[in-house]
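# Fold and contact review
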Amino acid sequence: MADTVNSLVARVHELLVAHLTQGAAARGAEVTAGLHDVVARATALGPEGTWLVAAGHAGLAGLGIARGEVERILFHLDAAVAAGFNDCVGLHVAPIHPLHDDPRFRAVYQRMRVTQADLDEFFWLHQEMQIMARDATTASVDNVGRLDTGVSLLPQAPLPTREPNTVGVLITRLDLAAAQTAVQQVALKAEFQRSSGNTSLSLIDGEWDDPRATRDAWYADELETRRRRAAEARAFVERPGAGTTLVPCPPLGSITYPV
């Protein structure tokens with residue numbers, strides 16, 4: 001089957017989710033090989049695949065960050081920027097701070113251009129990653145000790161649908177989508193384990209507390225409803241009048257990463 005943009009987007013998503021859920025120790029070599037393959041296949045698509053070339057190289061740079069491999073980070077970041085990567089907000093996350101003093105990193109960063117409208121979305125995308133992680137932690141605590149056999153989802157904000165001014169936004173949307181999938185998979189796995197365990201206990205324990213299980217189910221549904229409404233309310237709204245002219249990214253070190 002011939003490659004398409006959609007098929008390669010699905011492949012990048014799959015690789016990023018595998019890395020996030022299973023880690024470098026389990027799937028590092030496979031994810032690395034897969035991203036190199038994506039770069040090659042996206043290159044063959046021509047101009048329509050260029051942003052996926054950037055996504056592949058950005059992913060490989062991310063693997064380099066996780067391993068502390070400076071030369072690999074710089075090589076793939078340079079290639080990613082050349083293909084359209086411009087997520088200057090993401091380059092202010094704490095693990096990258098040590099590279100800010102490297103003149104090679106600074107030179108790559110200074111080549112990036114962004115619009116104010118896209119910069120607004122970059123901030124939202126990274127903020128949503130942080131909120132999503134906190135929500136997952138809170139939900140796991142809330143579910144401790146639940147006696148019901150229901151399974152609660154982890155509602156997430158919808159991805160923006162505006163037409164971006166630069167392709168770099170598409171890459172960070174893909175990162176957020178993968179993070180959402182990974183968090184959802186981990187949360188659902190824990191929920192199914194809890195639910196199946198409670199089902200087994202209800203079958204063998206003659207003193208099963210049905211009223212408490214009912215109350216737990218009601219409370220869990222109420223929490224899920226609140227989280228869904230909060231996620232819907234967080235949907236990205238483009239700021240009226242946000243500039244669409246390409247300008248240099250804010251100076252390196254001037255951006256505070258969302259927390």
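Residues numbered from 1 in each chain as written. Predicted model: local features only at pLDDT ≥ 70, side-chain atom pairs only at ≥ 80, totals over all residues. Heavy atoms only, no water.

### Comments concerning the packing of aromatic side chains
Following the criterion strictly, the structure yields 1 aromatic pair and no others. Summarising the aromatic geometry, the rings of Trp124 and Phe236 are spaced 6.0 Å apart at their centres and angled 65° between planes, so their arrangement reads as edge-to-face. Here Trp124 is found in helix H5 (residues 116-142), whereas its partner Phe236 is found in the loop between helix H7 (210-233) and strand E2 (247-248), with 112 residues between them in sequence. (Phe/Tyr/Trp six-rings, centres within 6.5 Å; stacked < 30°, edge-to-face > 60°. Helix = DSSP H or I, 4+ residues; strand = E, 2+ residues; numbered from the N terminus.)

### Let's talk about the side chain of His57
Mapped onto the elements of the fold, His57 is located in helix H2 (residues 50-67). Overall, His57 belongs to the buried group, its relative accessible area being 11%. Separated by 3.0 Å, the side chains of His57 and His76 make a polar contact. The contact partners of His57, leaving out residues within four places of it in the chain, are Val39, His76, Ala79 and Ala80. (Buried < 20%, exposed > 50% of the residue type's maximum accessible area, 1.4 Å probe, protein only. Polar contact = N/O pair within 3.5 Å; in protein donor to acceptor, adjacent residues only side chain to side chain. Contact = heavy atoms within 4.5 Å.)

### Focus on the pattern of salt bridges
Considering all chains together, one arrives at 15 salt bridges under this definition. For Arg111, the salt bridge goes to Asp78, with nearest N and O atoms at 2.7 Å. Within this pair, whereas Arg111 is found in the loop between helix H4 (103-110) and strand E1 (113-114), its partner Asp78 is found in helix H3 (residues 70-82), the two being separated by 33 residues in sequence. Given a relative accessible area of 33%, Asp78 falls into the partly exposed group. If you follow the salt bridges from partner to partner, you end up with Asp118, Glu121, Arg162, Arg173 and Glu238 in one network. (Salt bridge = Lys/Arg side-chain N within 4 Å of Asp/Glu carboxyl O.)

### Things to note about the packing of H3 against H4
Direction vectors running N to C along H3 and H4 enclose 15°, while the axes themselves pass 10 Å from each other. Comparing their axes, H4 and H3 come out roughly parallel. Relative to H4, H3 is oriented so that their crossing is left-handed. Of the residues in H4, those touching H3 at Val70, Glu71, Leu74, Leu77, Asp78 and Val81 are Arg104, Phe105 and Val108. (Axes fitted to C-alpha atoms, helices over the stretch in contact; angles between N-to-C directions. Parallel < 35°, antiparallel > 145°, perpendicular 65-115°, else oblique. Left-handed = near helix turned anticlockwise from the far one by under 90°.)

### Quick look at H4
Residues Phe105, Val108 and Tyr109 constitute the buried set of H4. Buried residues in H4, looked at end-on, bunch into an arc of 100°, giving them a common side. Exposed residues lying more than 90 degrees from the buried face of H4 are Pro103 and Gln110. In this structure, the buried residues of H4 make contact with H3. With a side-chain oxygen lying 2.8 Å from the backbone nitrogen of Arg104, the N-terminal cap of H4 falls on Asp102. (Arc of directions from axis to C-beta.)

### Let's talk about the packing of H2 against H3
In a packed pair of helices, the relevant descriptors are the angle between the two axes and the axis-to-axis distance. Direction vectors running N to C along H2 and H3 enclose 160°, while the axes themselves pass 8 Å from each other. The angle between H2 and H3 places the two elements in the roughly antiparallel class. Of the two possible hands of crossing, H2 and H3 adopt the one that is left-handed. Contact residues: Ala54, His57, Ala58, Leu60, Ala61, Gly64, Ile65 and Arg67 in H2; Arg72, Ile73, His76, Leu77, Ala79 and Ala80 in H3. Looking at the contact of H2 with H3 residue by residue, the class counts come to 9 nonpolar, 3 polar and 2 charged. (Nonpolar A, V, L, I, M, F, W, Y, C, P; charged D, E, K, R; others polar.)

### Structural notes on H2
Look at H2: 26 Å from first C-alpha to last across 18 residues, which is about the 26 Å you get at 1.5 Å a residue. Most of H2 is tucked away: 13 of the 18 residues are buried. Where H2 ends, the next residue or the one after it, Gly68, has phi of about 70°, a positive value. (Expected span 1.5 Å × (residues − 1).)

Spatial relationships are all this shows, so hold off on functional conclusions.
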